[in-house]
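One-letter residues, chain by chain:
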Amino acid sequence: MLEHHSAFDDGKLQGEATKDKLSLASENWDAPIVVTTAVQFFEPFFASIFPRCRKLHNIAGPVIIFDEAQMLPLNFALPLMQAIKELAQNYRCSVVMCTATQPAVQAENGFYRGFENVRKIALKPTALFDKLRCTTVQHISTQTDADLLAKLGEHRQMLAIVTTAAMPAACTTKPNTLTARST
C-alpha cells in the first residue's frame, strides 16, 4: 500500500534505498493500493509537467473510491467530474462516490454534463443499518483523563472520540492502563 499526500513524513523511513523506492512508487503510483488526496489524484490530469503525469498509466483499470465526495471543490466540479467520467467510460475504472449527503450531480437531475448510469450500492440503507447494528453510542459526560483511561481499559474493544490531541497519545503510551481487563 502506498500512502501519498503532502503531509506524509518520510523522515521516519529507514535507509536511502527505502526512500528512493517510495519516491519512485509515489511518482508512478506503482502499488496495488494507493491512498491519496483529491489534489494528488487529480493533479496528473491537469498538470503540464511530465513527472506529475507519470502515474496516469497506473490509474487505468482500478476501483477508485472517493471518500467524502461532497468535499470536492465546487469551483472545479465540472473539470473534476469530466475526469471521473473519462476514467469510467474509457479507462475501465469503477468509481465509488462515498458521501452521506449525495450532491445532485447526475445528468438526470439536470446537472450540466453530470454523471450518467449512477447506481446506489446499498439499495435499502436503513434496513442495512438495522441489520448490521453492532455498536452502541453512549455519552458518558465529562471525564478526567485518568477516569477515561480506566473506562477504556474495561473493554476489549471500543471507539472513543476525544476532544484533545493528547488523549490518543496517552492511550498508546500507557498500555498498562488499557490492559486492565484480561481477554
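First, a word on what this report is: a plain description of the structure on this page.

Calculation rules
Residues numbered from 1 in each chain as written. Predicted model: local features only at pLDDT ≥ 70, side-chain atom pairs only at ≥ 80, totals over all residues. Heavy atoms only, no water. Buried < 20%, exposed > 50% of the residue type's maximum accessible area, 1.4 Å probe, protein only. Helix = DSSP H or I, 4+ residues; strand = E, 2+ residues; numbered from the N terminus. Pairing = 2+ DSSP bridges. Right-handed = clockwise from strand over helix to strand, strands pointing away. Core = buried A, V, L, I, M, F, W, Y, C linked by side-chain atoms within 4.5 Å. Contact = heavy atoms within 4.5 Å. Arc of directions from axis to C-beta. Phe/Tyr/Trp six-rings, centres within 6.5 Å; stacked < 30°, edge-to-face > 60°. Patch = residues over 30% accessible without salt bridge, like charges linked within 9 Å, V, L, I, M, F, W, Y side chains within 5 Å. Areas by Shrake-Rupley, 256 points an atom, 1.4 Å probe, with all protein chains shown as cover. Salt bridge = Lys/Arg side-chain N within 4 Å of Asp/Glu carboxyl O.

Structural notes on the pairing of strand 3 (residues 63-67)
Stage number 1. Along strand 3, the buried face is formed by Ile-64 and Phe-66; none of Val-63, Ile-65 and Asp-67, which line the opposite face, is buried.
Stage number 2. Sheet topology places strand 3 next to strand 4 (residues 94-98); five bridges connect them, and they run parallel. Bridge pairing in strand 4 links Val-63 to Ser-94.
Stage number 3. Regarding the hand of the β-α-β motif, the stretch spanning strand 3, helix 5 (residues 77-90) and strand 4 is right-handed.

Thoughts on the nonpolar core
Stage number 1. Counting residues in each nonpolar core, the largest one holds 16 residues, and the members touching the most others are Phe-41, Phe-42, Ile-59, Ile-64, Phe-66 and Leu-87.
Stage number 2. Contributions of two or more residues to this core are made by helix 2 (38-46), strand 3 and helix 5.
Stage number 3. Considering every element that reaches this core, the biggest residue donor is helix 5, with five residues.
Stage number 4. If we skip the residues at most four places from it in the chain, Ile-64 touches Phe-41, Ile-59, Leu-87, Cys-93, Ser-94, Val-95 and Val-96.

Observations concerning unusual backbone geometry
Stage number 1. For Glu-68, which is not glycine, the phi dihedral falls at a positive 55°.
Stage number 2. Structurally, the position occupied by Glu-68 is in the loop between strand 3 and helix 5.
Stage number 3. Located in the positive-phi region is Arg-92, a residue other than glycine, with phi close to 55°.
Stage number 4. Take Arg-92: its relative accessible area is 64%, and that puts it in the exposed class.

Details of helix 7 (residues 145-153)
Stage number 1. All of the buried residues along helix 7 are Leu-148, Leu-149, Leu-152 and Gly-153. Here the buried residues of helix 7 occupy an arc of 140° about the axis, which is enough to place them on one side.

Side note on the packing of aromatic side chains
Stage number 1. Applying the stated criterion to the full structure yields six aromatic pairs.
Stage number 2. Relative to Phe-45, the ring of Phe-41 has its centre 5.7 Å away and its plane inclined at 50°; by these criteria the two rings are tilted. Highlighted residues: Phe-41 and Phe-45, both in helix 2, separated by four residues, approximately one helical turn.
Stage number 3. When its relative accessible area of 7% is taken as the criterion, Phe-41 is described as buried.

Quick word on a nonpolar patch on the surface
Stage number 1. A contiguous nonpolar patch, built from Met-1, Ile-33 and Val-35 and spanning about 330 Å² of accessible area, is present on the exposed surface.
Stage number 2. The topology assignment puts Met-1 in the segment before strand 1 (2-4).

Function cannot be inferred from these measures alone, as they are strictly geometric.
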